[in-house]
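Chains, contacts and geometry: an overview
Chain by chain, the residues run as shown.
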There are 2 protein chains.
Amino acid sequence: MDIKKALIGIFGKENVRDEPAELYVYSADASVHQSLPNIIVRPETVEQIQKVMEYANNELIPVVARGAGSGMSGHVVPIDGGIVLDMKGMNHILEIRCEDMYCRVESGVVDDDLNRALKPYGMVYPPSPASSRIATIGGEIGNNASGIRSVKYGATRDYVLGMKAVLANGDVVNLGAKTRVEAAGYQIHRLIVGSEGTLAIIVEATMKFIPLPKFRCLGMAIFEKLEDAGDTIADIIGSGSEPSMLELMDDIAIKAVNTASKLGLPEVEAILLFEADGKVKEAVDYEMQGMKAIFEKHNGKVTDMSYDAKERTKIYAGRKKLFPSLSRYKEGFACTSLADDMAVPYSKMAECARKIHEIAKKNGVIMTAYGHCGSGVMHTKILMDPTRKEQWEAAKRAVEEVYDYVDSVGGITSGEHGIALSKAPSWKKARKDLLPVMSKIKRALDPNNILNPHKLMDAPDDWLTATPLRYKVKV
Amino acid sequence: MDIKKALIGIFGKENVRDEPAELYVYSADASVHQSLPNIIVRPETVEQIQKVMEYANNELIPVVARGAGSGMSGHVVPIDGGIVLDMKGMNHILEIRCEDMYCRVESGVVDDDLNRALKPYGMVYPPSPASSRIATIGGEIGNNASGIRSVKYGATRDYVLGMKAVLANGDVVNLGAKTRVEAAGYQIHRLIVGSEGTLAIIVEATMKFIPLPKFRCLGMAIFEKLEDAGDTIADIIGSGSEPSMLELMDDIAIKAVNTASKLGLPEVEAILLFEADGKVKEAVDYEMQGMKAIFEKHNGKVTDMSYDAKERTKIYAGRKKLFPSLSRYKEGFACTSLADDMAVPYSKMAECARKIHEIAKKNGVIMTAYGHCGSGVMHTKILMDPTRKEQWEAAKRAVEEVYDYVDSVGGITSGEHGIALSKAPSWKKARKDLLPVMSKIKRALDPNNILNPHKLMDAPDDWLTATPLRYKVKV
């Protein structure tokens, strides 16, 4: 049977799209990759998803579930074409139960919408990534997303109590529990967190939330030497301080912000932003003063510190403007999501930043080192001329060298953004023993390999040629 | 080849035992079940475990890994005989890295030993169960153990960053990471947490720890009516209070303690113990006063509250003596671990306790309702004359009825103690859709079904006849 006809039978005409302009939109995410799907459907019910999976499983058609498409590694780029499930229509918050401290949401609910709904109860769902304005809970689960406060509040995986999922064969399964603790069978929902759409379609999630802190204090400290900032990070963590945020910006990040936004940040080797939060001011003070003392011990200078919301916005402005500023750092250079979120042990943050600078210089690209150093995440981006083929070759060498270093110090390829396509080659090299175990589980749950195929362990061995690039490259 | 000879080849003569007295010791845990293994080995290295798994996988011999044997559901009772791996010899703490906030331990390390090692650094590994004096980290991971402070600090699953495991075929695999966040492939270590020894042999774990709180305040509140205590629990949780402990004792629990230990606890319908902890006294005060106000709103009377360690030991004495006291509640009655740790939504705690009392009365057994109500866990025990066959039949009916109720209110069969054998029948009834998915994963990782076979989804349908009982029953 004709795919389109079959899908219209399931979803209705208005929810099945295959116009070229629409397919183009669904061909990319925030990564460097691009590949066209054959058709888009917009599910509204679990039953529709069961039916489409039954159909696709019988007909051996790839299915890619997509939330906001804000992923940075190519998760939802349909490398084999097939059907894209646009989950954004399944955006109902089904239940918020404060007395039981959980909510149930459809997987297309946008992160910020959930937090807007929780706020009147004095509650918050904390592991929001920077893209929370558009990112869906389903996408965040698929990617095990986390954000600036993961140092204190952890990642998505720490909040998923259970889920309803549709398997490759169309079976619907309820996983996990609604209770705080659970010792009742394999915790398959915890396996699905971070599985990048390759094991099941998440249709509903039961999520934990926590009380919104009443006080929040944000500070900025500057360091003449990057190494001092690095020692500070390890000392803060090792001393038992509990920041709710600890962010690093290196000299390139600082310069990018100053160039693009004229904020006049001090042009030092490193800035650390540090925050504490809590219900009781004395406890927040205690954390802030404790961290301040550690900064000073390591030659850091605390330039700002405030509880006031407006002041905090000002202090955070540079960090907030960083990502958009990177695209304007150098005329004609694009900011590409490559080698963009490795995690290393805290004690290696400064060394890792230096290494990134060295590798970038050697290969003729620009790389910045910033990010959630409180949770070990180093965010980098490769700034490069995307029209020049040799710049892509240089980026490829730089990516390889960075990840070889990360692996050598016990770090991991991705702390936040997932593996998908861009990071698969280096990750596969580093995790050889994990791959066959993943493949066994994948085959057990998706024997026909229709759920987001050719990602992770099954991704191509060269990210540069895995798909066409989202950039026009002159040959 | 003769099993014993083969195993001596791997482990050396002194680490292979098959004397009847020794087999008898390894035939039971803290559950009602009993079944003899064929032989015991005491591994000291990962390589030995790889070799024994290769051997057992080829010869199709069941392998059960065992820590302290303190499990309450029959996890390590070798229902098909075979080889028991006594993991207690692999008890080395390999690394404690405060600056990176993780430690690496062999799986036979005893929980209290780990905490003794962390204390000089001002750190603590918090999800310790009541059996932490003997329980091993490997056993706790296998069971996803948690304890009295899970309301604030969560369960074992929240602390396992990674692990080294040996698969059924002898392959060794490194899972997870050493960093706080991770988005780098299937998080199979999180699947193995709570898999009760059926998916892999855990040989090493990378665990997170946290700073030890400086202040701890414990209080006791009494309630004339159980329902008021129940409303208090839901109100405390829903109001955003953050107790580090919230424990319920019902009238039977109180009476048991007073009978056995002459502590003179007030003989009311319910006692709640409540605790807060933290680095800053003002923050602990805030939580304690907030909870006190909620107790009073619901007709509770706060009788004690103290920061002093000695005073806290006194306040906690009744709860501490509860488990041993239950065995002495009624002459000739044993305290059996049956229907002993269901979890229900907080708002259902009081109703659940009443229901347990009703069901016990109806079936002619005694059941108490107590436990970590702050994390939704209701601990019960069935007190019964274990020599009378009809008491076991009554217990079986009571267990069924309790779990039918728990399932009807969105609770789960086990919050802490696992499924294994005792809880498998009711759990299987409640989780029909989960079982085939678990079986697929089990077959993928252990195709010959040699790792702790016939537990969980593969357990017998009647716990009462699944194995001989650990009690002499007159016919």
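Residues numbered from 1 in each chain as written. Chains lettered and ligands numbered in written order. Predicted model: local features only at pLDDT ≥ 70, side-chain atom pairs only at ≥ 80, totals over all residues. Heavy atoms only, no water.

Section: the overall build of chain A
We apply this condition: Strands are runs of DSSP state E lasting at least 2 residues, helices are runs of H or I lasting at least 4, and numbering of each runs from the N terminus. Just to be clear, the radius of gyration here is over C-alpha atoms, and the globule rule we use is 2.2 Å times residues to the power 0.38. Per-residue accessibility, obtained with a 1.4 Å probe over protein chains only, is compared with the maximum for each type, and a residue is labelled buried under 20%, exposed over 50%, and partly exposed between these values. Here, Shrake-Rupley sampling with a 1.4 Å probe gives the accessible areas, and only protein chains in the shown set may cover a residue. Positive residues here are Lys and Arg, negative ones are Asp and Glu, while His and the chain termini are left out of the count. Where a charge lies is defined by one atom per residue type, namely NZ (Lys), CZ (Arg), CG (Asp) and CD (Glu).
Counting its regular elements, chain A contains 16 helices and 19 strands. Compactness check: chain A gives a C-alpha radius of gyration of 22 Å against a globular reference of 23 Å for 475 residues, within 12% of the reference. Taken along its principal axes, the extent of the C-alpha atoms in chain A is 70 × 60 × 40 Å. Classification of the 475 residues of chain A by burial places 65% in the buried group. Counting every atom, chain A has about 16,700 Å² of accessible surface; 51% of that belongs to carbon and sulfur. Between the mean site of the 61 positive side-chain charges and the mean site of the 63 negative ones, chain A shows a separation of 2 Å.

Considerations on unusual backbone geometry
At Asn299(A), a position not held by glycine, the phi torsion is positive, near 65 degrees. By secondary structure assignment, the location of Asn299(A) is in the loop between α10 (281-297) and β15 (301-306). Given the relative accessible area of 55%, Asn299(A) is considered exposed. With a phi angle near 45 degrees, Ala339(B) is a residue other than glycine that sits in the positive phi range. One can find Ala339(B) in the loop between β16 (334-336) and α12 (349-363).

Considerations on the sheet that holds strand β8 (residues 160-166) of chain A
All names here are of chain A. The cut-off we apply is this: Pairing between two strands is assigned when DSSP locates at least 2 bridges connecting them. In this analysis an axis means a line fitted to C-alpha atoms, helices contributing only their contacting stretch, and an angle means the value between N-to-C directions, from 0 to 180 degrees.
Taken in spatial order, the five strands line up as β5-β6-β10-β8-β9 in an open sheet, and their pairing is antiparallel. Each edge of the sheet is formed by a strand with only one pairing partner; in this case those strands are β5 (93-97) and β9 (172-176). Strand-to-strand twist across the sheet, computed as the mean angle between neighbouring axes with direction ignored, equals 10 degrees. Where strand β6 (residues 102-106) meets strand β10 (residues 201-208), five bridges bridge the pair, whose relative direction is antiparallel.

Overview of the sheet that holds strand β12 (residues 215-223) of chain A
Strand pairing in a sheet relies on backbone hydrogen bonds. The paired strands run either parallel or antiparallel. Strands sit in the order β15-β12-β14-β13-β18 (chain A) across an open sheet of five strands; the sheet is antiparallel. Of all the strands in the sheet, just β15 and β18 (370-371) of chain A have a single pairing partner and so form its edges.

Concerning the pattern of salt bridges
Just so we agree on the cut-off: We define a salt bridge as a side-chain nitrogen of Lys or Arg found within 4 Å of a carboxyl oxygen belonging to Asp or Glu.
Scanning the entire structure with this criterion turns up 67 salt bridges over all chains. Between Lys281(A) and Asp285(A) there is a salt bridge whose closest N-O contact spans 3.3 Å. Taken together, the residues Lys281(A) and Asp285(A), both in helix α10 and four residues apart, mark about one turn of the helix. What makes Lys281(A) partly exposed here is its relative accessible area of 35%. Asp100(B) is paired through a salt bridge with Arg97(B); the nearest N and O atoms lie 2.7 Å apart. We classify Asp100(B) as buried; its relative accessible area is 3%. Within this structure, Glu95(A), Arg97(A), Asp100(A), Arg104(A) and Glu204(A) form a network of salt bridges that share partners.

Some remarks on the interface of chain B and chain A
Heads up, the condition is: It only takes one pair of heavy atoms within 4.5 Å for two residues to be counted as in contact. What gets called buried area is simply the loss in accessible area from a 1.4 Å probe that two parts show on being joined, summed for both. Residue polarity is assigned by list, with Asp, Glu, Lys and Arg as charged and Ala, Val, Leu, Ile, Met, Phe, Trp, Tyr, Cys and Pro as nonpolar; anything else, Gly included, falls into the polar class.
Taken together, the 87 residues of chain B in the interface contact 87 residues of chain A. Carbon and sulfur atoms supply 57% of the area buried between chain B and chain A, which totals about 7,000 Å² over both sides. Taken as a group, Arg157(B), Arg180(B) and Tyr186(B) account for 13% of the area that chain B buries against chain A, more than any other trio of residues on that side. If you look at where chain B meets chain A, you find eight salt bridges. A salt bridge links Lys279(A) to Glu287(B); its shortest N-O distance comes to 2.6 Å. For the side of chain B that touches chain A, the elements supplying multiple residues, two or more each, are α6 (150-153), β9 (172-176), α7 (188-192), α8 (226-238), α10 (281-297) and α15 (434-445) of chain B. The residue inventory of the side of chain B that touches chain A, partitioned by class, reads 41 nonpolar, 25 polar and 21 charged.

A short note on the packing of aromatic side chains
Residue and element names in this part refer to chain A. The following threshold applies: Pairing of aromatic rings covers Phe, Tyr and Trp, the last through its six-membered ring, and needs centres within 6.5 Å; plane angles under 30 degrees mean stacked, over 60 mean edge-to-face, and all others mean tilted. Whether a charge sits over a ring comes down to the Lys NZ or Arg CZ being within 6 Å of the ring centre and within 35 degrees of the ring normal.
What the rule picks out here adds up to 12 aromatic pairs over all chains. Arranged with centres 6.5 Å apart and planes meeting at 85 degrees, the rings of Phe215 and Tyr307 form a pair that is edge-to-face. With Phe215 in strand β12 and Tyr307 in the loop between β15 and α11 (309-326), the pair connects residues that are 92 residues apart, well separated along the chain. Classification of Phe215 by relative accessible area gives partly exposed; the value is 30%. Here the aromatic cluster, defined as three or more aromatic residues joined through ring pairs, consists of Phe223, Phe274 and Phe295. Over the aromatic face of Tyr159 sits the side chain of Lys208, whose NZ or CZ is 5.3 Å from the ring centroid.

Here we look at the relation of the copies chain B and chain A
Which entries qualify depends on this criterion: Superposing copies: least-squares fit, C-alpha atoms only, residues required to have pLDDT of at least 70 in both.
Placing chain B over chain A gives an RMSD of 0.0 Å and needs a rotation angle of 180 degrees, together with 0.0 Å of translation along the axis. Taken together, the rotation angle and the small translation identify this as a two-fold axis.

Structural notes on α11(A)
Residues and elements named next belong to chain A. Quick reminder of the rule: Expected span of a helix: the number of residues minus one, times 1.5 Å. Bend, at a single residue, is the angle you get between axes fitted to the 7 residues ending at that residue and the 7 residues starting at it. Side-chain atoms alone can form a polar contact between residues adjacent in sequence; in general such a contact is a pair of N or O atoms within 3.5 Å, and within protein one must be able to donate a hydrogen while the other accepts it.
Relative to the 26 Å expected for 18 residues at 1.5 Å per residue, α11 spans 26 Å between its end C-alpha atoms, a close match to the ideal helical length. Its axis deflected by about 50 degrees at Tyr316, α11 carries its strongest bend there. By the burial criterion, the buried members of α11 are Arg312, Ile315, Tyr316, Ala317, Gly318, Arg319, Leu322, Ser325 and Leu326. Near the N-terminus of α11, the side chain that reaches the backbone nitrogen of Lys310, with its oxygen 3.1 Å away, is that of Asp308.

A look at the domain arrangement of chain A
Residue and element names in this part refer to chain A. Here is the rule we go by: For every domain, the bounds stem from an assignment made automatically or drawn from a database.
Once the domains are mapped, chain A shows domain 1 (1-212 + 421-475), domain 2 (215-307) and domain 3 (327-420). The gap between the C-alpha centroids of domain 2 and domain 3 is 22 Å. Between domain 2 and domain 3, the residue contacts involve 20 residues of the former and 19 residues of the latter. Buried surface at the junction of domain 2 and domain 3, summed over both partners, amounts to about 1,600 Å²; 64% is from carbon and sulfur atoms. When the buried surface of domain 2 facing domain 3 is broken down by residue, Leu226, Leu248 and Ile252 rank first, second and third, together holding 30% of it. Connecting domain 2 to domain 3 are two salt bridges. Arg354 is the salt-bridge partner of Glu227, the closest N and O atoms lying 2.6 Å from each other. The element that contributes the greatest number of residues to the side of domain 2 that touches domain 3 is helix α9 (residues 251-261), accounting for seven residues. Taken together, the residues that form the side of domain 2 that touches domain 3 break down as 12 nonpolar, two polar and six charged.

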